[in-house]
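Close look at the chain arrangement
Okay, here's what each chain looks like letter by letter:
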Amino acid sequence: MLKKERQAYIIQQINVHNKVLSSDLSEQLDVSEDTVRRDLQELAEEGKLIKVHGGALSKSFHFTLESPTIYSLPEKKSIAYKAIQLIQDGMMVLLSGGTTIRELVKSLPPDLNATFITVSVPIALELLEHPTSEVIFVGNKLLKNAQMSVGAEVTQRLGQIKADLCILGTNSIDAEFGISDLEWEIIEVKRAMIKCAGKTISLAISEKLNTIQRLQVCKPEDIDILITELDPEDPALTPYREKGISIL
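What comes next is a walk through the structure. These numbers come from a predicted model, not from an experiment.

Examining the overall build of the protein
Counting secondary structure elements, the protein contains 9 helices and 15 strands. Every one of the 248 residues in the protein was classed for burial, and the buried ones make up 52%. Contacts spanning at least 24 positions in sequence make up 62% of the contacts within the protein whose residues lie at least 6 apart. For the protein, the computed accessible surface area is about 11700 Å², with 50% contributed by carbon and sulfur atoms. Computing the positive centroid from 27 side-chain charges and the negative centroid from 35, the protein places the two 4 Å apart.

Right, dumping it as structure tokens:
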């Protein structure tokens, strides 16, 4: 595979999943990790991603004061619109991080009177702009790459909450394996969020369907609703519907 093809693949993967690991890319591209690191360094120097230890991050996922270019923005806006229909006055709603969740927060009706709980710093800052809803940030140690709080104290505090909805920005989802992610600390927090909510809603652009990361967040039966930009009757969603997941 030519360097341009490798780098195009890397960009595609980081746009879809927000983060990539050098070891995974090495295996997928059948090249050495040194080759992958050189590719990541070049792409970082070109301003196309943020290189971190062991891999790279999407620039759109990484919060800055500037407005980033959001991958698949129309699709994410469509997903956000669908998700908003599920949020009602008086609800207590858990929100994870990610660009789709950020679009959801930006699109909330200004007169909505709900309580939002999040572990994500960027999402908490966006929620501060909403005029009528309450914002609770569950904080502790901040995981810099994901810009979210993690650790035992966070999971313990989440365990004291009984929320109506848990809305997850999703890294990868598969009809057999469920939701998966890359980092153990993030997994633990998301599991705690799912456990303390009445319903779990997964937000995922269709490119994330049928993809699997190293660590399982939850099984398919733990997901109540899956929201994509696709028509709910799209054949690509049939395997998820067959697992008892409601599709929007």
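What about the side chain of Asp 181?
By secondary structure assignment, the location of Asp 181 is in strand β11 (residues 178-181). For Asp 181, a relative accessible area of 7% puts it in the buried group. A distance of 3.1 Å separates polar atoms of two side chains, one belonging to Asp 181 and the other to Lys 190. Here Asp 181 is in contact with Asn 171, Ile 186, Ile 187, Lys 190, Gln 213, Arg 214, Leu 215 and Val 217, once residues within four sequence places are set aside.

A word on the layout of surface pockets
As a volume, the largest pocket reaches approximately 250 Å³. Gln 13, Asp 24, Gln 28, Ile 212 and Gln 213 are the residues nearest the centre of the largest pocket, which is lined by 15 residues in total. Take the lining of the largest pocket: its biggest share by element is 4 residues, from helix α2 (residues 22-29). For the lining of the largest pocket, the residue count by class is 6 nonpolar, 5 polar and 4 charged.

Procedures and definitions
- Residues numbered from 1 in each chain as written.
- Predicted model: local features only at pLDDT ≥ 70, side-chain atom pairs only at ≥ 80, totals over all residues.
- Heavy atoms only, no water.
- Helix = DSSP H or I, 4+ residues; strand = E, 2+ residues; numbered from the N terminus.
- Buried < 20%, exposed > 50% of the residue type's maximum accessible area, 1.4 Å probe, protein only.
- Contact = heavy atoms within 4.5 Å.
- Areas by Shrake-Rupley, 256 points an atom, 1.4 Å probe, with all protein chains shown as cover.
- Lys, Arg positive; Asp, Glu negative; His and termini not counted.
- Charge placed at Lys NZ, Arg CZ, Asp CG, Glu CD.
- Polar contact = N/O pair within 3.5 Å; in protein donor to acceptor, adjacent residues only side chain to side chain.
- 1 Å grid on protein atoms, 1.4 Å probe; cavity = no way out; pocket = protein on both sides within 12 Å on 5 of 7 lines; lining within 4 Å.
- Points joined across faces, edges and corners; volume = space filled by probe spheres on them.
- Nonpolar A, V, L, I, M, F, W, Y, C, P; charged D, E, K, R; others polar.

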